[in-house]
Each structure stands twice: as C-alpha cells, then as structure tokens.
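Summary of structural features
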Amino acid sequence: MSRPGQGVMVPVAGLGFPPQNVARVVVWEWLNEHSRWRPYTATVCHHIENVLKEDARGSVVLGQVDAHLVPYVIDLQSMHQFRQDTGTMRPVRRNFYDPSSAPGKGIVWEWENDGGAWTAYDMDICITIQNAYEKQHPWLDLSSLGFCYLIYFNSMSQMNRQTRRRRRLRRRLDLAYPLTVGSIPKSQSWPVGASSGQPCSCQHFTCVSSFKPGKTLPMTDGETKAQHLHCPGPERPRAPALLPTSLWNCVQGLQVTDAPLLVTWPPVLSPGTASPWGSGVGAQGQRYRRDGDVSGLESSCGLFSCPCRVPALPVKNLNGTGPVHPALAGIPGILLCAAGLPVCLTRAPKPILHPPPVSKSDVKPVPGVPGVCRKTKKKHLKKSKNPEDVVRRYMQKVKNPPDEDCTICMERLVTASGYEGVLRHKGVRPELVGRLGRCGHVYHLLCLVAMYSNGNKDGSLQCPTCKAIYGEKTGTQPPGKMEFHLIPHSLPGFSDTQTIRIVYDIPTGIQGPEHPNPGKKFTARGFPRHCYLPNNDKGQKVLRLLITAWERRLIFTIGTSNTTGESDTVVWNEIHHKTEFGSNLTGHGYPDASYLDNVLAELTAQGVSEAVAKA
C-alpha cells in the first residue's frame, strides 16, 4: 500500500490521557524481568475488570479465560501476579488510555520472533505505531521510546538500525479493551485501599519477591535485624512493634533446600512449647531438610510443630479463598509477613494425576456415545470459498446506514471503508454496508471481506463485536486420535459415578498451509494427554460436544507454549480440560463445581452446542 507523507519521530509525550470523569480504556499490565510493562490480552483484561467490580480485594484466576495462563493468579490487594507452581511474583498495574487509541479499537501490533511466533509490542509502542499508521507516515523511528528500530509500513517490517536486521510486522484486529468511566488516576499499581505511600523498595522486600531456594536472607547495610519490620510499605502485613532479635536470628539464618512448602494457619504449638516471643529463641543456621525434618527448628525456637490438628493450605495453590495471602511465597516471605505469629511449615502434597491401574476388561464404552475413538485426517478443512460469497450469505444490505463507526476499520459507516485502496474485490464497493442476520451488527462489506480473508477461510464468519458465529467454525488442529471410555473409579466430588477418561494423542509432524509456518516441523509434547469427566448426564453431554469440537479441529492448535516458551508446538486452544484425576492442586482437577458449566460455555463460544452437534 502506498503511504504518502513524511516519516515521523513521535515523542513520548504524544501518549495523552483524557481529563477526569470521561471514558477511558483499561489495560492491565505486568512487569517483566527487563522492567518493561507488558499488556495482558483484551480478553484477560475484561476478566480482571469483572472480578474487580465484585471484589476489589480479591484474587483473579487468569486460567479461567486463558489456558496459557493457568498457573497465574493476580492478587488485587497487593497488585501482584503470582505463579503458583514456582512462587514467582511480579507487579501488575491498571493503566488507562484514550478510547480512540489502539487498545480502544482492538488493534494489536506484533513482531515476528526468531521462532516464527508473533509477539505483541508494549502498549505505548503499539499506540505510537498505530498513530503513525493512521496518519499514513511511510516509516516510524522508535528511538524516542528507547528502541533503535525503524518501522516501515510499506513493507510491514521492523529494522534494527545497528544490525540492519529486519523482522516481519503485522497489524491484527482483536477484542477492544474494556472501557471505564469515573475519576481514576492515570495508573493504579499498588494495593487497592492502601492508605499511603509507595511499596517498600528496600532489599528485604526485593528478597521476598524473588527469593530462590537454597539462599540466605540478606541484611541491609546499617540496619539492625529488627528495624526493618517498622517499614511502612503497604505490601507487608503489620508486624509487632518489635521483633525479638533472637527470633530474627532464626529467620536470618534459615535456609531452604526444598520447595514448595505448606503453611498452616492458625498455628498450633506443641504442649509445653514456650512462646516464640519469649527469651532464648532460635539459633542461626538451621536448615529445612529435604526429608521434611524440622525438629532442629522446633527445639530451638518452638516455631514449628505438628500440624495434625490444623488443615494445611498449599502455598502453590492459592485461589483467593484461603487465609494465606499470595505474598507468602517462600520461607522468608512467610516469616517476614507473619512475624507477629508462629507459623507451622510442612511439605506440599503431590497432585494425583492418574487413577489406579485399570485392566482392559474393566474399560467400558460410554453409554449414549457411539464408538470409542475418533481420528482427524491431515486435511479436514472445508475447501476455500470466495470471501465475498461467504460474507454476502450472512449479511443483509443496508441502504441507509447509521451515522456511527464501523468497529473494524473505525471509519464512519456513511463513508467508504478504511480498506479502500488496500483490498479490491469485484462487486464489493467500499461504501457498501450490511447487517449480520442474527445479531444485527452493522459493518462495511469490504471490512468483513478483509477480516474473513485474514482468518481460517473455512466458510464461517464470526461477528467481531459479539462473537456470534455464522456457519460451522473449524480450527487448525493437527491430525491425531481421540479415545474415550469408562473406568471403574470415581472423581473427587462425584463419588456416586464412574469416570469418563479421554485420551488425546497427536504425533509430531509438518505444518500445513493453515498453520503459522507452513512446511516447518512442529513438536507435540506431553502426548498422550489424559483428561477426565464424571459419568453423569452433564459429563456425557460435555463428551459429545468435545467429540464435535475434536472433529472440527478446535481442541488443539499450533503455537507457542506459555509454560516452556517453545514455539511451533501443539498447545490447548481455549477449551479447558481436567488433567488431574484425584486432586485439584494444580487447578486442573476436581472437585470443581463450576467446571462442567464453564466448559459448556467455552464450547458454545466456539460454535459447538447440543443443537449443532445433533444436526
């Protein structure tokens, strides 16, 4: 596309914010290891805002809306993201932007990394790129934002000014970020309801946030062992006015050799054990041994005792309902934050991923579900159809369009489509406007043709506003096999029923034309994958719909693993499964009273429902 005009070097001050008491776009961001604020997706931000409205001091389980973020929980009171399987904590913030900026329009700018996957730019860079793009500048210099890159819009590429290396660039339409109205500060990055001040930035708080097993808690130069507890930072729960030096000695010398741990609360002291605040507490250099023996600590300070009368809560399984704050990750964090009370530590239980062994004679078909296996072939997609014909099938022409924005190109519906000159289709004039049949949302015909052409091109169309699906949506799942059968064991919470076991198996292979890197090899880690459902009416209904989703190639896709960072690998695709049989320590098991309803809603969002499955 020809882009007239001069290039531009946009100043950082160009990102303005609207005045108070007007609508603005909310973007939640997390701080990475390079001190860059990285935005969550619009879907995740909508989920966080919904939870925030219900409980401003609660927790947000990100895995409920994004399967790649299952280990992560956000604590809204401390404004930190907590990774349950590693204990890693990162600050988060709630930032605000003009509704007319890129996040308000659902526009995402991404660059291609070395693995061939697409990575979103930081939000301030995304907005800057979009501003230059809308002004039709041919290029953009990002040096004012601290990056030695040039953006060329004609070739949609990014060039490193030092190495001259180029990467591909793309502009993608996604869900718009949530809007909010009211008198709100520019950003909110510290605890909700905190009375004053910034969070503690001294070395002890840094240590608690990034503590690794096997290391000793450091001291701040010139600081006594008890002084630090007077720090007013809102991230730390209130401690006693003075922590006895002898107890701090115990904390200071404590070293961890195995994780994760459990915290029991309230504490239980062994009979005859002196108060930990009394005299003669603690000796330095104690270790929490790999076998879980804490007798040395118990004899020295009375801080650790048998937890048999107190239920234990795993630190790695915080879900917002327990009494332990997510900041209590790692022994130093636990002892610093709970310095006013004794704490009992014990080892975390291991998740029960698989049922007891089952003989072949005990494996039975699922009642009401024909067969025990489904396979997908190498090419299950429908033949590519003319984009114009697909769009016209689901739209009704509007002779007098309303004077409002087309939410795809953000131009007025009474004017020509923003894709005029970019996309040409015979019979589709840029000023033509149509209304989708079921939901009634109105768009430029050319905009919908452009959106369809950039998608899977399977004959289906999805409304970008309400996500209503027209036609039969299919995915890009690689070929594989799905097996399902009954086993004679019960899931936690479903003691009166047997269990449906689903086994997915996908081998490694070569990516097809519908995948991110056609012709390149993809990996398939962790297969076969075992998943579980209760054998009741609703569980059988979920199974039937999962079979339909499998046949439409919607269960898996090829992308970048959120846990390992590996690209070009098979990953889950927006439909959550339970892979933990006898426990729920990872969040992927039972009991979970809302799981079946949630997965039915996820299947419906993919266009898979009971009525469709029977058709």
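Residues numbered from 1 in each chain as written. Predicted model: local features only at pLDDT ≥ 70, side-chain atom pairs only at ≥ 80, totals over all residues. Heavy atoms only, no water.

This part covers the overall build of the protein. Tallying secondary structure elements over the protein gives twelve helices and 33 strands in all. A fraction of 66% describes how many contacts in the protein between residues 6 or more apart in sequence connect residues 24 or more apart. Accessible surface, the protein: about 28900 Å² in total, of which carbon and sulfur atoms supply 52%. (Helix = DSSP H or I, 4+ residues; strand = E, 2+ residues; numbered from the N terminus. Contact = heavy atoms within 4.5 Å. Areas by Shrake-Rupley, 256 points an atom, 1.4 Å probe, with all protein chains shown as cover.)

Packing of helix H8 (residues 387–394) against helix H9 (residues 445–453) brings their axes to within 9 Å, and their N-to-C directions diverge by 120°. Taken together, the axis directions place H8 and H9 in an arrangement best described as oblique. The way H8 lies across H9 gives a crossing that is right-handed. In contact with Pro 387, Glu 388, Val 390, Val 391 and Arg 392 of H8, H9 contributes Leu 445, Leu 448, Val 449, Tyr 452 and Ser 453. (Axes fitted to C-alpha atoms, helices over the stretch in contact; angles between N-to-C directions. Parallel < 35°, antiparallel > 145°, perpendicular 65-115°, else oblique. Left-handed = near helix turned anticlockwise from the far one by under 90°.)

All told, the structure shown has 13 aromatic pairs when counted by the stated rule. Pairwise contacts between aromatic rings join Tyr 504, Phe 527, Trp 550, Phe 556 and Trp 572 into one cluster. Arg 438 extends its terminal NZ or CZ atom over the ring of Tyr 470, reaching a point 4.4 Å from the ring centre. A cation sits over an aromatic face here: Lys 578 above Tyr 590, 6.0 Å from the ring centre. (Phe/Tyr/Trp six-rings, centres within 6.5 Å; stacked < 30°, edge-to-face > 60°. Lys NZ or Arg CZ within 6 Å of the ring centre and 35° of its normal.)

Moving on to unusual backbone geometry. Pro 528 follows Phe 527 through a cis peptide bond whose omega is 0°. Examined against the element boundaries, Pro 528 turns out to sit in the loop between strand E30 (521–522) and strand E31 (529–534). A cis amide bond links Tyr 590 with the next residue in sequence, Pro 591, at an omega value of 5°. For Pro 591, the location among the structural elements is in the loop between strand E33 (569–572) and helix H11 (595–605). A positive phi angle, near 65°, is found at Ser 35, a position not held by glycine.

Take the packing of helix H10 (residues 537–551) against H11 next. Interhelical geometry of H10 versus H11 gives an angle of 25° and a closest axis separation of 10 Å. The orientation of H10 relative to H11 falls into the category roughly parallel. Between H10 and H11 the crossing geometry is left-handed. For the pair H10 and H11, contact is made by Lys 538, Gly 539, Lys 541, Val 542, Leu 545, Leu 546 and Ala 549 and by Leu 596, Asp 597, Val 599, Leu 600 and Leu 603, respectively. Taken together, the residues of the contact of H10 with H11 break down into eight nonpolar, one polar and three charged. (Nonpolar A, V, L, I, M, F, W, Y, C, P; charged D, E, K, R; others polar.)

What follows is about the confidence of the model for the protein. Averaged over every residue, the pLDDT of the protein is 74; residues scoring 70 or more account for 66%. In the model, residues 10–19 has pLDDT below 50 throughout and makes 17 contacts with residues more than four positions away in sequence or in other chains. Note on residues 189–347: pLDDT is under 50 here. Beyond four places in sequence and across chains, it has 268 contacts. (pLDDT = per-residue confidence, 0-100.)

In this structure the tally under the stated criterion is 26 salt bridges. With a shortest N-O distance of 2.7 Å, Glu 29 and Arg 93 are connected by a salt bridge. Here Glu 29, found in strand E2 (residues 23–31), pairs with Arg 93, found in strand E7 (residues 89–97); they are 64 residues apart in sequence, far enough to count as distant. This pair shows no difference in class: Glu 29 is buried, exactly as Arg 93 is. A salt bridge links Arg 429 to Glu 431; its shortest N-O distance comes to 3.0 Å. Ionic contacts of the salt-bridge type, sharing partners, join the residues Arg 36, Arg 38, Asp 122 and Asp 124 into one network. (Salt bridge = Lys/Arg side-chain N within 4 Å of Asp/Glu carboxyl O. Buried < 20%, exposed > 50% of the residue type's maximum accessible area, 1.4 Å probe, protein only.)

A separate point is the sheet that holds E31. Spatial ordering of the open sheet is given by E21-E27-E28-E31, a layout of four strands whose pairing is antiparallel. Two strands lie at the open edges of the sheet, namely strand E21 (373–376) and E31, each paired on one side alone. Along the sheet, successive strands turn relative to each other by an average axial angle of 20°, direction set aside. Pairing geometry for strand E27 (residues 480–487) and strand E28 (residues 499–505), over seven bridges, is antiparallel. If you follow His 485 over to E28, its bridge partner there is Arg 501. Against the sheet, H10 makes contact with E21, E27, E28 and E31, and its axis sits at roughly 170° relative to E27, the strand it touches most. (Pairing = 2+ DSSP bridges.)

Let us now look at the pairing of E21. On E21, burial follows the alternation: Arg 374 and Thr 376 on one face are buried, whereas Cys 373 and Lys 375 on the facing-out side are not. Two strands pair when backbone bridges link them, and E21 and E27 are joined in this way by four bridges, in the antiparallel orientation. Note that in E27 the partner of Cys 373 across the bridge is Glu 483.

Another aspect to go through is the environment of Ser 78. As for its placement among the helices and strands, Ser 78 is situated in the loop between strand E5 (72–75) and strand E6 (80–83). The exposure class of Ser 78 is buried, given its relative accessible area of 6%. Separated by 21 residues in sequence, Ser 78 and Arg 57 place their C-alpha atoms 8.4 Å apart.

Relative to the assigned elements, Arg 83 resides in strand E6. Relative accessible area serves as the criterion here: at 15%, Arg 83 is assigned to the buried category. Of note is the side chain of Arg 83, whose polar atom sits 2.8 Å from the side chain of Tyr 72. Not counting the four nearest positions on each side in its chain, Arg 83 is found in contact with Pro 71, Tyr 72, Thr 88 and Thr 563. (Polar contact = N/O pair within 3.5 Å; in protein donor to acceptor, adjacent residues only side chain to side chain.)

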